[in-house]
Amino acid sequence: MAFDNLITEKRDGIGVITLNRPKVLNALNSALMRELGEALTAFEGDDDVAVMVITGSEKAFAAGADISEMQSKGFADVYKEDFITSEWEQILRCRKPVIAAVSGYALGGGCELAMMCDFILAADSAKFGQPEIKIGAIPGSGGTQRLTRFVGKSKAMEMCLTGRMMDADEAERSGLVSRVVPADQLLDEAMKTAGQIAGLSRMAVSMCKESVNRSYETTLSEGVLFERRVFHSVFATEDQKEGMAAFVEKRAPQWRNR
Ligand code: HXC
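Calculation criteria
Residues numbered from 1 in each chain as written. Predicted model: local features only at pLDDT ≥ 70, side-chain atom pairs only at ≥ 80, totals over all residues. Heavy atoms only, no water. UniProt positions renumbered as here; feature names shortened; annotations may be inferred. Salt bridge = Lys/Arg side-chain N within 4 Å of Asp/Glu carboxyl O. Buried < 20%, exposed > 50% of the residue type's maximum accessible area, 1.4 Å probe, protein only. Helix = DSSP H or I, 4+ residues; strand = E, 2+ residues; numbered from the N terminus. Expected span 1.5 Å × (residues − 1). Contact = heavy atoms within 4.5 Å. Pairing = 2+ DSSP bridges. Phe/Tyr/Trp six-rings, centres within 6.5 Å; stacked < 30°, edge-to-face > 60°. Lys NZ or Arg CZ within 6 Å of the ring centre and 35° of its normal. Polar contact = N/O pair within 3.5 Å; in protein donor to acceptor, adjacent residues only side chain to side chain. Arc of directions from axis to C-beta. Axes fitted to C-alpha atoms, helices over the stretch in contact; angles between N-to-C directions.

Looking at an unreviewed UniProt entry, one finds the chain named enoyl-CoA hydratase and attributed to Aquisalimonas asiatica. Recorded in UniProt for the chain, the comment headed Sequence similarities (unreviewed entry) runs: "Belongs to the enoyl-CoA hydratase/isomerase family." What UniProt records for the chain under Function (unreviewed entry) is the sentence "Could possibly oxidize fatty acids using specific components."

This part is about the pattern of salt bridges. Applying the stated rule across the entire model yields 15 salt bridges. Across the pair Glu158 and Arg164 runs a salt bridge, and its minimum N-O distance is 2.9 Å. Assessed through its relative accessible area of 36%, Glu158 is described here as partly exposed. Through salt bridges with shared partners, a single network forms among Lys155, Glu158, Arg164 and Glu170.

Next up on the list: helix H11 (residues 202-214). Between its first and last C-alpha, H11 extends 18 Å over 13 residues, near the 18 Å set by a 1.5 Å rise per residue. Listed as buried for H11 are Val205, Ser206, Met207, Lys209 and Ser211. Residues of H11 that are buried sit in contact with strand E5 (98-102), helix H10 (186-198) and helix H12 (220-234).

Pairing of strand E1 (residues 6-11) with strand E2 (residues 14-19) involves six bridges; the strand directions are antiparallel. If you follow Ile7 over to E2, its bridge partner there is Thr18. In this structure, the hairpin formed by E1 and E2 is closed by a connection of two residues, where Asp12 is found at a positive phi of approximately 50 degrees.

Attention now moves to the packing of aromatic side chains. By the definition in use, this model includes three aromatic pairs. Here the guanidinium or amino end of Arg214 rests over the ring plane of Phe226, the centre of that ring lying 4.0 Å away.

Here Asp46 shows up in the loop between helix H1 (30-44) and strand E3 (51-55). Engagement of the side chain of Asp46 in a polar contact is seen with the side chain of Lys10, the distance being 2.8 Å. Within the structure, the side chain of Asp46 is placed 2.8 Å from the backbone nitrogen of Asp48, a separation counted as a polar contact. The residues contacting Asp46, other than those within four sequence positions of it, are Lys10 and Lys96.

With that settled, consider the environment of Asp47. Secondary-structure assignment places Asp47 in the loop between H1 and E3. Residue classification places Asp47 among the exposed residues on the basis of a relative accessible area of 65%.

What follows concerns helix H13 (residues 238-248). Buried within H13 are the following residues: Asp239, Gln240, Glu242 and Ala246. For H13, the angular spread of buried residues about the axis comes to 165 degrees, placing them on one side. Buried-residue contacts for H13 involve H11 and H12. Directly after H13, the chain includes Lys250, whose backbone phi takes a positive value near 55 degrees.

In this section: the sheet that holds strand E4 (residues 60-62). The mixed open sheet is built from four strands, whose spatial order is E4-E6-E8-E9. Each having just a single partner strand, E4 and strand E9 (166-167) make up the two edges of the open sheet. Taken together, the two bridges between strand E8 (residues 127-129) and E9 define a ladder with antiparallel strand orientation. Of the residues in E9, the one forming a bridge with Phe128 is Met166. Those strands touched by helix H6 (residues 109-116) are E4, strand E6 (105-107) and E8, and its axis lies near 95 degrees from that of E6.

Its location among the elements puts Asn29 in the loop between E2 and H1. Only 2.8 Å separates the side chain of Asn29 from the backbone nitrogen of Leu32, close enough to count as a polar contact. Not counting the four nearest positions on each side in its chain, Asn29 is found in contact with Arg21, Asp66, Glu69 and Ile84.

Structure, rendered in structure tokens:
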């Protein structure tokens, strides 16, 4: 796949997407987001890919939506084109896991993009924020909603109202990121984690992802019921038989992804 604003690579069952507009700190313009949607769709449909990783540069995962592209738009423009959200939501449609590997700035739409992924691995240099308020706007791709669920109302409100950035340690303490690693090891760690997931049953991984995501959309009792139904469904898969047989027989499982 050849893109103008991304670099894509396929390695050992992992599809890596690197945001690549270095001169503007990976500002997310429509072209980049269209390409990101295409790359995710291609990897999602590619049997050689089990897990996806989205990353940026050392200095910036993404410093937000492209302000120069947005500045002259009017309400009718953004409303009619459903700016810019519809393309971003391709991430949410992926059934394969998508990991954000964040180094440097993840601001505005960049923070929102990372939060749409299944989990965030952060370099110790990472900085997260929703600074839209400083340019007379507000987050537009779930920032006020997802950040609040991840870090709680008080911290999310302060960040959205002041534009204050959160460093990697605070992000880990607050539950925004799963883990912080040294910046020079970020991609290796992301690949290692993605590789662990890629070595598991794809059926089980996809069902597990669906169940964790359900916790954000429903009540506890409905979520637990959903989980139990999916857990019961697991017993209809060949991989459950294989996984448990392999454990009992003390051998490595041979997943059939069925
Ligand atoms: C367009 C951007 C940009 C952005 C940086 N650049 N962020 N261009 N859109 N979001 C450009 C700068 O204009 C500059 O271009 C170059 O990238 C390097 O940036 P500098 O500011 O010179 O770097 P630095 O001093 O290191 O400061 C880094 C920074 C700052 C703190 C990240 O760039 C910054 O505050 N950026 C804007 C962050 C922001 O407000 N994001 C939210 C956007 S709104 P030149 O040509 O001068 O070299 C948003 C809404 C989402 O995301 C809604 C979803 C639909």
